[in-house]
Amino acid sequence: MTAVIRSTVVDVDLDAVAANVAAVLARSRVDVIAVVKADGYGHGAEAIAEAAIDAGAAGLAVATVEEAIVLRRTRAQDPLLVLLGATEQAERDAAVQLDLSITVWDVDGARAMAEAARAAGTTAALHFKVDTGLTRLGAPLAEAADRYRSIAALPGVRLDGVFTHLARADESDLATAEEQLDRFDSFLDAIEPPQWVHASATGGIASLTPRPRVTAVRPGLALYGLHAAPHLAERLALRPALTWRSKVHRVADVPKGTGVSYGHEYRLPRDGRIATVPVGYGDGLSRLARAARLLVRGTPLPIAGRVAMDHVMLDVTDVAGVRAGDEVVVIGSQGGSSLTADDLAQAWGTINYEVVTAIAARVPRRYLRGGRIVATKTLAGGYVRC
């Protein structure tokens, strides 16, 4: 089936992804486990995974087994870590069948993986997680070494990695992050570390000096050219990979006082013109982003009234010559002006992570290398290389 590409579309520059992997490698000087969970932070996991591995990443990570199942269709051999573990039998069975590395933090979870592996006649690959202060997942520090040694002694398992996750590595005060790393070091002192020892995600990669026994980092946001905090932008040179565009569908002459969109919260302050753009909260442009601006003919224009599921309206009265078919930029550049995921996040009252991961699957993705489209991902056709 030919890919269906609508007027609202996301373009992803895979050359930018490769440059970002190179920047992370140059700064960290250890293996890169590329985090492509949440469908590659909204960019598309399949294409991002391929670009990251081609650029030198040693492995991949996703959140759930189901995400890993999807990714195994195109990445059959790459090391693939499931960060949230496998709590259901169906997940464990799929994990051993597809040779996924599963996160564990207690003996019962590891034993269940071992049993699934023995039933399948194979070995369960595991990464052991230590809770050093995020208070989310992982073995409590006081019990971590004993649990690790007990899991290592189980038949049918292979411990490929140990890791922790930092709570405040993106802040200017790094005392808490360093304390967490000290705790992680104390755990490492008590065990024989496996191949992969990892702690830092994007914030920690930019802000912290790697500890000597660390052998890998887990960039997520950095792969996509986004920073975990504004003050870290100078520490890690990144290129945003994603642009999000639409087109004007209709322009109407509207008299002064006319209400626009649901609730008529916006009314024309003078005789003017309203442009309708087919992008809305059904596409990932949140109703909360009412203070956002979109680019039309290089001019940032505020949204007129409420964001609807499928549309927003813009008051284009002061921009000459706007007509149906004109490009509208949600994230990206146009006519010397730019709007970033951070700009949209500020208008929305959120963070850049949520902005890009919120872009809905019904918005087609096009993937470019050297300025040429090399793959697409659509709701109708899935991921297709061109």
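Before any of the text, the structure's been laid out above.
A few points on the structure. All values derive from a computational prediction rather than experimental measurement.

Before going further, it helps to examine the overall build of the protein. In terms of helices and strands, the protein carries 11 helices and 23 strands. Its C-alpha radius of gyration of 23 Å places the protein within 12% of the 21 Å reference for a compact globule of 386 residues. The principal-axis extents of the C-alpha atoms in the protein amount to approximately 75 × 50 × 40 Å. Here the protein holds 386 residues, and 52% of them are scored as buried. Look at the contacts in the protein between residues 6 or more apart in sequence, and 65% of them connect residues 24 or more apart. Where the 42 positive side-chain charges of the protein centre and where its 44 negative ones centre are 6 Å apart.

A few words now on helix α10 (residues 341–348). Those residues of α10 that sit buried are A341, L344, A345, A347 and W348. Summarising the axial view, the buried residues of α10 lie within an arc of 165 degrees, below the 170-degree limit, and thus occupy one face. Turning to α10, the residues buried within the fold contact β11 (242–247), β19 (327–334) and α11 (352–357). Remark: G349 follows α10 within two positions and exhibits a positive phi of approximately 80 degrees.

Strand order in the open sheet formed by three strands is β12-β15-β18, and the pairing between neighbours is antiparallel. Two strands in the sheet have a free side with no partner beyond their single neighbour: β12 (250–254) and β18 (312–315). Strand after strand, the sheet turns through a mean of 25 degrees between neighbouring axes, direction not considered. Pairing of strand β15 (residues 272–277) with β18, which is carried by four bridges, proceeds in the antiparallel orientation. Bridge pairing links V277 to V312 in β18.

For the rest of this paragraph, the subject is empty space enclosed by the protein. Per the stated rule, a full pass over the model turns up one cavity of 30 Å³ or more. As for the largest cavity, its lining consists of 13 residues, of which S200, G204, L208, P210 and V217 are closest to the centre. For the lining of the largest cavity, a count of residues per class yields seven nonpolar, four polar and two charged.

With the rule as written, the count across this model stands at 29 salt bridges. For R245, the salt bridge identified is with D11, shortest N-O distance 3.6 Å. Taken as a pair, R245 in strand β11 and D11 in strand β1 (residues 9–13) lie far apart in primary sequence, 234 residues in all. For D11, a relative accessible area of 11% gives the class buried. In this structure, D108 and R111 form a salt bridge, with 3.3 Å as the shortest nitrogen-oxygen distance.

The next thing to look at is the packing of aromatic side chains. Summed over the entire model, instances satisfying the criterion amount to seven aromatic pairs. Between the aromatic rings of Y41 and Y224, the centroid separation amounts to 4.9 Å while the plane-to-plane angle is 25 degrees, which identifies the pairing as stacked. A residue pair is termed long-range when its members are at least 10 positions apart, and Y41 in helix α2 (residues 37–41) and Y224 in the loop between β10 (216–217) and β11 qualify at 183 residues. Each member of the pair, Y41 together with Y224, is buried. Where F184 meets F187, the ring centres are 6.2 Å apart and the plane angle is 20 degrees; that geometry is what we call stacked. Taken together, the residues span about one helical turn, with F184 and F187 both in helix α8 (residues 175–189) at a distance of three residues. Using a relative accessible area of 1% as the deciding quantity, one classes F184 as buried. Look at F187 and you get buried, because its relative accessible area is 2%. An aromatic cluster of at least three residues, connected via ring pairs, comprises F128, Y148, F184 and F187.

Definitions and limits used
- Residues numbered from 1 in each chain as written.
- Predicted model: local features only at pLDDT ≥ 70, side-chain atom pairs only at ≥ 80, totals over all residues.
- Heavy atoms only, no water.
- Helix = DSSP H or I, 4+ residues; strand = E, 2+ residues; numbered from the N terminus.
- Rg over C-alpha atoms; globule rule 2.2 N^0.38 Å.
- Buried < 20%, exposed > 50% of the residue type's maximum accessible area, 1.4 Å probe, protein only.
- Contact = heavy atoms within 4.5 Å.
- Lys, Arg positive; Asp, Glu negative; His and termini not counted.
- Charge placed at Lys NZ, Arg CZ, Asp CG, Glu CD.
- Arc of directions from axis to C-beta.
- Pairing = 2+ DSSP bridges.
- Axes fitted to C-alpha atoms, helices over the stretch in contact; angles between N-to-C directions.
- 1 Å grid on protein atoms, 1.4 Å probe; cavity = no way out; pocket = protein on both sides within 12 Å on 5 of 7 lines; lining within 4 Å.
- Points joined across faces, edges and corners; volume = space filled by probe spheres on them.
- Nonpolar A, V, L, I, M, F, W, Y, C, P; charged D, E, K, R; others polar.
- Salt bridge = Lys/Arg side-chain N within 4 Å of Asp/Glu carboxyl O.
- Phe/Tyr/Trp six-rings, centres within 6.5 Å; stacked < 30°, edge-to-face > 60°.

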